[in-house]
Amino acid sequence: MFIRTERSIKEFFELYPVVSIIVIIHFVLWASFSLLRLPIGAMIFDLGIGHNISVSHGEYWRLLTPVFLHAQFGHLIFNSFALVIFGPALERMLGIPKFIFVYLFAGIVGNLGTYIIDPTSSVPHLGASGAIYGLFGLYIYMVWMRKDLIDRGSANIVTVVFVIGFVMTFIQPNINIAAHIFGFIAGFATGPIILKHAVPFFIASVRVKRRDDDEIGFDPDRWKKKRRQPSALRKNIFWIILIVLVVFGLIGKYF
């Protein structure tokens, strides 16, 4: 479920359009105010950043807009990377409307929890972490309640990554703890309803369906294109994912 085997960015976009668009929004917005320093970027940042005291004054859109904003490059990369790894399977399993609902609902609940804890706070907050923890919440619900939707290997990976991330929530500085916790609760709580008609995700079946939709033809080089994953990579892919996550997490402290 979490091993990305798409052959190109184009194929990834075709298979997972919502995840792709969200990641593009992350980078475009970050570039507009942090890299290019455009006036419109600064305006978007000022109007969109999470600010509890402003929400108290009626600026309720700030419960949603921080989900798409990232100030630091490391934070942007870490959240976007996590979405690319853990979002595609859910997008295919749930369908586009349900996936969008879960992602935005978890993000809003994460920011709402931040507001409830300290509604008069003037400390700004931003990032997609609450929404991403909502996806983790949905996965953990599968691990506990819907084992028919997730294989054992994927269940082990998502559980360990979630536990490490949850522990780091309380260790790393400048982390919005409330957004992580409330986002996770929101995702977990949607499980009974949102997964009611879900089917297990298999990348092979996705590709077969895509080939069936394409024009039928004979490719004489089809056997040359097939590449099997080296056994060492298959055996260590779990640890590779963890190492990459930790590295990006450390990068986020300095950029």
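Going by the structure above, here's the rest.
Everything quoted here is computed from the prediction, not taken from an experiment.

(A) Just the overall build of the chain, in detail. Helix and strand content of the chain: 12 helices and 0 strands. Counting helices and strands in the order they occur from the N terminus, the chain gives α-α-α-α-α-α-α-α-α-α-α-α. Counting all 255 residues of the chain, 44% fall into the buried class. For the chain, restricting intrachain contacts to residue pairs at least 6 apart in sequence, the fraction spanning at least 24 positions comes to 80%.

(B) Spatial organisation of the pattern of salt bridges. Applying the stated criterion across every chain yields a total of 3 salt bridges. A salt bridge links arginine 7 to glutamate 11, with the nearest nitrogen and oxygen atoms 3.5 Å apart. Classification of arginine 7 as exposed rests on a relative accessible area of 60%. Between aspartate 148 and arginine 146 there is a salt bridge, with its nearest N and O atoms 3.0 Å apart. For aspartate 148, a relative accessible area of 49% translates into the label partly exposed.

(C) Quick look at the side chain of histidine 125. You can see histidine 125 is positioned in the loop between helix 6 (96-117) and helix 7 (129-145). Of note is the side chain of histidine 125, whose polar atom sits 3.4 Å from the side chain of asparagine 52.

(D) Geometry of the environment of glycine 130. If you trace the backbone, glycine 130 turns up in helix 7. The contacts of glycine 130, once residues within four sequence positions are left out, are Ala106, Gly107, Ala179 and Gly183.

(E) Structural view of a nonpolar patch on the surface. Side chains of Leu35, Leu36, Leu38, Ile40, Met43, Ile44, Leu47 and Trp61 sit close together on the surface and give an oily, nonpolar patch of about 760 Å² of accessible area. Looking at the nonpolar patch, the element that brings in the most residues is helix 3 (residues 39-48), giving 4 residues. Checked against the element boundaries, tryptophan 61 lands in the loop between helix 4 (52-56) and helix 5 (73-94). A relative accessible area of 42% places tryptophan 61 in the partly exposed class.

(F) Region of interest: the packing of aromatic side chains. Inspection of every chain in the model, using the stated rule, returns 18 aromatic pairs. Geometrically, the ring pair formed by phenylalanine 86 and phenylalanine 136 is tilted, given 5.0 Å between the ring centres and 55° between the ring planes. One end of the pair, phenylalanine 86, is in helix 5; the other, phenylalanine 136, is in helix 7, with 50 residues separating them in the sequence. By relative accessible area, which is 6% here, phenylalanine 136 ends up buried. The interplanar angle of 70° and the centroid separation of 6.5 Å between the aromatic rings of phenylalanine 86 and tyrosine 139 together place this pair among those described as edge-to-face. One end of the pair, phenylalanine 86, is in helix 5; the other, tyrosine 139, is in helix 7, and 53 residues separate them in sequence. In terms of burial, phenylalanine 86 and tyrosine 139 fall into one category: buried. Three or more aromatic residues link up through ring pairs in this structure, and these residues are Phe2, Phe86, Tyr133, Phe136, Tyr139, Tyr141, Trp144, Phe162, Phe166, Phe170, Phe184 and Phe188.

(G) Representation of unusual backbone geometry in the model. You will see that arginine 37, though not glycine, has its phi angle at about 55°, which is positive. Here arginine 37 lies in the loop between helix 2 (17-35) and helix 3. For asparagine 174, which is not a glycine, the phi torsion comes out positive at approximately 60°.

(H) Broad picture of helix 5. Here helix 5 contains 22 residues, and its C-alpha end-to-end distance of 30 Å stays within 8% of the 32 Å for a straight helix at 1.5 Å per residue. Of all bends in helix 5, the biggest is about 45°, found at glycine 87, and the proline proline 88 comes one to four residues later. Among the 22 residues that make up helix 5, 16 are buried, leaving the element largely enclosed by the rest of the structure. Glycine 95 lies just past helix 5 and shows a positive phi near 90°.

(I) How the structure looks around the packing of helix 6 against helix 7. Running from N to C, helix 6 and helix 7 point in directions that differ by 120°, and their axes come no closer than 7 Å. On the basis of their axis angle, the class for helix 6 and helix 7 is oblique. The handedness of the crossing between helix 6 and helix 7 is right-handed. Between helix 6 and helix 7, the contacting residues are Phe99, Val102, Tyr103, Ala106 and Gly107 on the first element and Gly130, Ala131, Ile132, Gly134, Leu135 and Leu138 on the second. When its residues are assigned to classes, the contact of helix 6 with helix 7 shows 8 nonpolar, 3 polar and no charged.

Reading guide: rules and limits
- Residues numbered from 1 in each chain as written.
- Predicted model: local features only at pLDDT ≥ 70, side-chain atom pairs only at ≥ 80, totals over all residues.
- Heavy atoms only, no water.
- Helix = DSSP H or I, 4+ residues; strand = E, 2+ residues; numbered from the N terminus.
- Buried < 20%, exposed > 50% of the residue type's maximum accessible area, 1.4 Å probe, protein only.
- Contact = heavy atoms within 4.5 Å.
- Salt bridge = Lys/Arg side-chain N within 4 Å of Asp/Glu carboxyl O.
- Polar contact = N/O pair within 3.5 Å; in protein donor to acceptor, adjacent residues only side chain to side chain.
- Patch = residues over 30% accessible without salt bridge, like charges linked within 9 Å, V, L, I, M, F, W, Y side chains within 5 Å.
- Areas by Shrake-Rupley, 256 points an atom, 1.4 Å probe, with all protein chains shown as cover.
- Phe/Tyr/Trp six-rings, centres within 6.5 Å; stacked < 30°, edge-to-face > 60°.
- Expected span 1.5 Å × (residues − 1).
- Bend = angle between axes of the 7 residues up to and from the residue.
- Axes fitted to C-alpha atoms, helices over the stretch in contact; angles between N-to-C directions.
- Parallel < 35°, antiparallel > 145°, perpendicular 65-115°, else oblique.
- Left-handed = near helix turned anticlockwise from the far one by under 90°.
- Nonpolar A, V, L, I, M, F, W, Y, C, P; charged D, E, K, R; others polar.

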